[in-house]
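Residue-level structure breakdown
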Amino acid sequence: MTAGLHNAARYTIWRMASLVATLLAVSAILFAAVEWLPGDPAQQILGIHATPERLDILREQLNLNDSVPERYARWLWSTLQGDLGESVRTNQPVGAIISRPALNTAMLAVTAFAAITTVALLLAAFGGRRDGSRTSTVISVTTLSAVSVPEFIIAGILISVVGLELGWLPAVSLVPSDGTPFSRPEILVLPVVSLSIVGGAYGARLIRAAVADAARRPHVQAARLAGLTESRVLIRHLLPSAIPTTVQVLAFMVPFLVGGAVVVERIFAFPGLGSQLVDRVALRDAPVIEAIGLIQAAAVIIGFQVADAVGFFASPERRTAE
Amino acid sequence: MTSLAGQEVLAVGRRRARMARVSPMTIALLAVLLAVLFIALFGPMIAPHGKGEVTSLPFDPEVGVVGTDHLGRDVLSRILHGGRPIVIIPVVATALATLIGGVLGIAAAALRRDDVIMRAMDVFAVIPSILVALVLFHRFGAQHWVLALAVIIASIPFTTRYARAAAFPIIHSGYVEQARMIGEIAPTIVVRDVLPNLVRPLFADAGLRFIGAIYLVAAAGFLGFGPPPPSTDWGSMISENIGGAGLNPWATIAPSVFVLLLTIPVNLLADRFAKQVAR
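Residues numbered from 1 in each chain as written. Chains lettered and ligands numbered in written order. Predicted model: local features only at pLDDT ≥ 70, side-chain atom pairs only at ≥ 80, totals over all residues. Heavy atoms only, no water.

1. Side note on the overall build of chain A
Looking only at helices and strands, chain A features 15 helices and 0 strands. For chain A, the C-alpha atoms occupy an extent of roughly 85 × 60 × 30 Å along the three principal directions. When burial is assessed residue by residue, chain A has 48% of its 322 residues classed as buried. Sequence-distant contacts in chain A: of pairs separated by 6 or more residues, those separated by 24 or more amount to 72%. When the accessible surface of chain A is summed, it comes to about 15200 Å², and 67% of that surface belongs to carbon and sulfur atoms. Here chain A contributes 24 positive and 23 negative side-chain charges, whose respective centroids are spaced 15 Å apart. (Helix = DSSP H or I, 4+ residues; strand = E, 2+ residues; numbered from the N terminus. Buried < 20%, exposed > 50% of the residue type's maximum accessible area, 1.4 Å probe, protein only. Contact = heavy atoms within 4.5 Å. Areas by Shrake-Rupley, 256 points an atom, 1.4 Å probe, with all protein chains shown as cover. Lys, Arg positive; Asp, Glu negative; His and termini not counted. Charge placed at Lys NZ, Arg CZ, Asp CG, Glu CD.)

In structure tokens, the structure reads:
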């Protein structure tokens with residue numbers, strides 16, 4: 001018991017340390033990647049007709065003459081203190097530029113995540129408990145076809161049919177200037193459906209496989225033979241065995257929703273973080289790019305760490321093995 | 001004992017018989033896929049019009065088979081011209097990513113100190129793949145090899161993580177331990193005991209990665225990094241013409257159908273093959 005507790009504490013500390021280390025490594029790669037973007041920031045700000053003297057003055061102001069490691073260290077230090085800097089294009093504070101898009105994306109992502117989790121678990125539970133049954137086969141073929149449809153195609157069909165042809169829901173997801181996506185929830189429906197069909201089907205397939213594996217294990221068959229009801233077998237034996245897979249699969253949804261939703265954002269003209277990132281990379285607005293990249297990376301890291309931790313504590317064999 | 005051995009022989013025989021019998025569904029899927037591949041590869045030679053040739057007014061549904069696009073060009077001809085990149089790039093990139101990811105995943109599962117590989121993968125997995133792609137596009141332009149590279153960088157962390165998770169229980173299972181104990185060397189164990197059990201999950205994963213690769217190639221078109229005009233691909237065609245879906249919906253629907261005729265058979269076939277290997 002104490003050994004178990006000791007293990008758990010050591011595990012948690014180790015995980016926190018690796019979280020910080022990963023984030024540091026990501027920040028360095030991000031900074032280097034943005035440095036690697038073509039173009040001279042000073043030239044881009046002043047335009048092609050700038051005099052060499054003015055360019056020199058601006059380079060000095062932006063500390064562009066310092067080495068990359070020096071500038072990385074300075075950026076990292078101010079970022080750690082919560083200062084994300086200013087846009088090199090508009091001089092607005094980065095926080096002010098990205099807070100609205102971040103909120104919009106968070107609302108879209110949370111809604112889609114809830115939808116995906118529900119769809120995936122329901123389909124997996126019904127499809128996996130009796131491998132080879134008619135329901136199971138139908139769910140398997142449907143989900144496999146659904147994961148094969150890229151979400152921009154689903155989005156395109158939804159826009160043309162539900163948005164333009166039937167006119168039931170807005171084809172364009174403009175967020176009101178004085179509100180959030182939740183104050184006009186109808187704009188979220190089509191983007192969420194586009195994301196959830198692919199994400200839900202993907203999750204359902206992987207979780208279904210885990211449930212089906214569990215259904216074949218002797219103790220589940222024994223439980224069935226002992227006369228436990230199907231729902232009890234499902235809740236007591238099948239779903240718990242699928243927990244590590246489920247959290248792992250749901251962790252994969254975080255990058256899909258936080259960064260990968262950019263095409264869906266673009267199609268619906270939804271003002272999210274992904275769209276903002278595309279625009280700022282085109283402008284070579286380094287501080288904004290780096291801030292968005294860090295936020296997206298942090299969300300994904302936390303998702304994976306939570307999944308690993310749940311998987312670790314849910315499976316006794318591995319806890320004692322490590 | 002003899003009866004058990006007899007059953008074993010029987011089971012092997014049955015397995016062979018099942019392997020040899022190919023279902024009509026599999027043949028149909030293969031036929032669709034081969035037809036789409038043929039159209040993608042040889043389409044430019046049979047297209048009635050040039051890829052940049054204006055044949056009528058924009059979004060005219062009456063001209064040709066499926067009408068014209070946003071610049072009045074024949075949609076069918078552009079579909080025939082636009083298949084190569086969206087087929088070849090994802091195929092090459094997915095194959096390379098699965099190969100590299102599979103090797104890294106097995107290594108990570110086999111090594112006692114697998115932290116180095118997995119932590120490196122974690123770092124790459126959390127860097128937004130769209131950002132990586134955008135930086136590469138701005139740096140080198142949206143050339144074919146750049147798209148492939150972006151796909152590979154985006155896929156490897158996930159393939160590795162997946163391969164490691166699939167390989168871990170196999171490598172640490174009883175029969176691998178046993179093989180190790182009777183003195184078999186690592187390469188033999190990997191080839192004889194680990195790989196056969198990994199083919200199925202890796203194929204299922206490759207099917208999904210292929211969809212992801214097509215997604216990224218198409219996304220490049222949506223984000224303004226499609227092939228240089230008048231060249232095109234099916235993904236870019238969807239983004240070019242979605243604005244005119246009210247006038248000529250076929251300009252959007254036709255390229256969407258071709259993308260689906262590619263992705264759905266690939267995934268269904270990968271799944272079928274994976275199940276067959278596993279039996």
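2. So, the overall build of chain B
Helix and strand content of chain B: 11 helices and 0 strands. Listing every helix and strand of chain B by position from the N terminus yields α-α-α-α-α-α-α-α-α-α-α. For chain B, with 279 residues in total, the buried portion stands at 48%. The contacts of chain B with a sequence gap of at least 6 include a subset with a gap of at least 24, amounting to 70%. On chain B, roughly 13100 Å² of surface is accessible, and the fraction owed to carbon and sulfur atoms is 70%.

3. Section: the packing of aromatic side chains
According to the stated counting rule, one finds 12 aromatic pairs over all chains in the structure shown. A ring pair is formed by F252(A) and F158(B), whose centres lie 5.4 Å apart and whose planes are at 50°; its orientation type is tilted. Remark: F158(B) occurs in helix α7 (residues 144-171) and F252(A) occurs in helix α11 (residues 243-258); the pair is interchain, linking two chains. An aromatic cluster of at least three residues, connected via ring pairs, comprises F31(A), Y72(A) and W75(A). (Phe/Tyr/Trp six-rings, centres within 6.5 Å; stacked < 30°, edge-to-face > 60°.)

4. Here we look at the nonpolar core
By size, the foremost hydrophobic cluster in this structure holds 145 residues, and its most contacted members are F152(A), I267(A) and W234(B). Considering every element that reaches this core, the biggest residue donor is helix α8 (residues 186-215) of chain A, with 15 residues. Residues within four places of F152(A) in sequence aside, it is in contact with V263(A), I267(A), Y215(B), A218(B), F222(B) and I238(B). Of all hydrophobic cores here, the second largest spans 11 residues; its members include A166(B), A167(B), I170(B) and I171(B). (Core = buried A, V, L, I, M, F, W, Y, C linked by side-chain atoms within 4.5 Å.)

5. A few points about the interface of chain B and chain A
The interface is formed by 42 residues belonging to chain B together with 51 residues belonging to chain A. Summed over both sides, the interface between chain B and chain A buries roughly 4000 Å², with carbon and sulfur atoms accounting for 77% of that surface. Broken down residue by residue, the surface that chain B buries against chain A is led by V126(B), R161(B) and Y215(B), which jointly contribute 16%. Two residues, D308(A) and R161(B), come together in a salt bridge whose shortest N-O distance is 3.1 Å. The interface formed by chain B and chain A contains 5 residue pairs in polar contact (both at pLDDT 80 or more). Secondary-structure elements contributing two or more residues to the side of chain B that touches chain A are α5 (115-126), α6 (129-140), α7, α9 (186-222) and α11 (250-278) of chain B. In terms of residue count, α11(B) provides more of the side of chain B that touches chain A than any other element does, 9 residues in total. For the side of chain B that touches chain A, the residue count by class is 29 nonpolar, 4 polar and 9 charged. (Buried area = accessible area lost by both parts, 1.4 Å probe. Salt bridge = Lys/Arg side-chain N within 4 Å of Asp/Glu carboxyl O. Polar contact = N/O pair within 3.5 Å; in protein donor to acceptor, adjacent residues only side chain to side chain. Nonpolar A, V, L, I, M, F, W, Y, C, P; charged D, E, K, R; others polar.)

6. Here's the deal with unusual backbone geometry
All names here are of chain A. Positive phi is not limited to glycine here, since A269 has a value of about 50°. Checked against the element boundaries, A269 lands in the loop between α12 (262-267) and α13 (273-283). Taking the relative accessible area as the measure of exposure, A269 reaches 38% and is therefore partly exposed.

7. Digging into α8(A)
Its axis deflected by about 30° at S196(A), α8(A) carries its strongest bend there. With 24 of 30 residues buried, α8(A) is to be regarded as a mostly interior element. (Bend = angle between axes of the 7 residues up to and from the residue.)

8. Quick word on the packing of α11(A) against helix α14 (residues 286-314) of chain A
Residues and elements named next belong to chain A. Where α11 meets α14, the closest approach of the two axes is 8 Å, and the angle between their N-to-C directions is 180°. The pairing of α11 with α14 is recorded here as roughly antiparallel in orientation. Across the interface between the two elements, I243, P244, V247, Q248, A251, F252, V254, P255 and V258 from α11 touch Q296, A299, V300, G303, F304, A307, D308, V310, G311 and A314 from α14. A class-by-class count of the residues in the contact of α11 with α14 yields 14 nonpolar, 4 polar and 1 charged. (Axes fitted to C-alpha atoms, helices over the stretch in contact; angles between N-to-C directions. Parallel < 35°, antiparallel > 145°, perpendicular 65-115°, else oblique.)

9. Section: the side chain of E151(A)
You can see E151(A) is positioned in helix α7 (residues 151-165). Although buried, E151(A) forms no salt bridge, and the nearest oppositely charged side chain, R209(B), lies 11 Å from it. Those residues in contact with E151(A) that sit more than four places away from it in its chain are S194(A), V198(A), F256(A), G260(A), V264(A) and Y215(B).

10. Some points on the environment of I127(B)
Within the secondary structure, I127(B) is located in the loop between α5 and α6. In contact with I127(B), other than residues within four places in its own chain, are V26(A), I29(A) and V132(B).

11. Focus on the confidence of the model for chain A
All names here are of chain A. Chain-level statistics for chain A give a pLDDT mean of 83 and a share of 95% at 70 or above. Here helix α15 (residues 316-321) is the element of chain A with the lowest mean pLDDT, 48, and helix α5 (residues 94-128) is the one with the highest, 90. Note that pLDDT drops below 50 for residues 318-322; the model gives that stretch 8 contacts with residues more than four away or on any other chain. (pLDDT = per-residue confidence, 0-100.)

12. Quick look at the side chain of R161(B)
Of note, R161(B) is situated in helix α7. A distance of 3.1 Å separates a polar atom in the side chain of R161(B) from a polar atom in the side chain of D308(A). Ignoring anything within four residues of it in the chain, the contact list for R161(B) reads Q248(A), F252(A), F304(A), D308(A), M118(B) and D122(B).

13. Looking at the environment of I153(A)
Relative to the assigned elements, I153(A) resides in helix α7. Placed 14 residues apart in sequence, I153(A) and G167(A) show a C-alpha to C-alpha distance of 19 Å. Among residues more than four places away in sequence, those in contact with I153(A) are I238(B), S256(B), V259(B) and L260(B).

14. Thoughts on the pattern of salt bridges
Pairing between side chains of opposite charge can happen when their charged atoms approach one another. Throughout the structure, instances matching the rule amount to 11 salt bridges over all chains. For R184(A), the salt bridge is made with E186(A), and the minimal N-O distance between the two is 3.3 Å. A relative accessible area of 29% places R184(A) in the partly exposed class. Members of the salt-bridge network, linked through shared partners, are D69(B), R73(B), R78(B) and E240(B).

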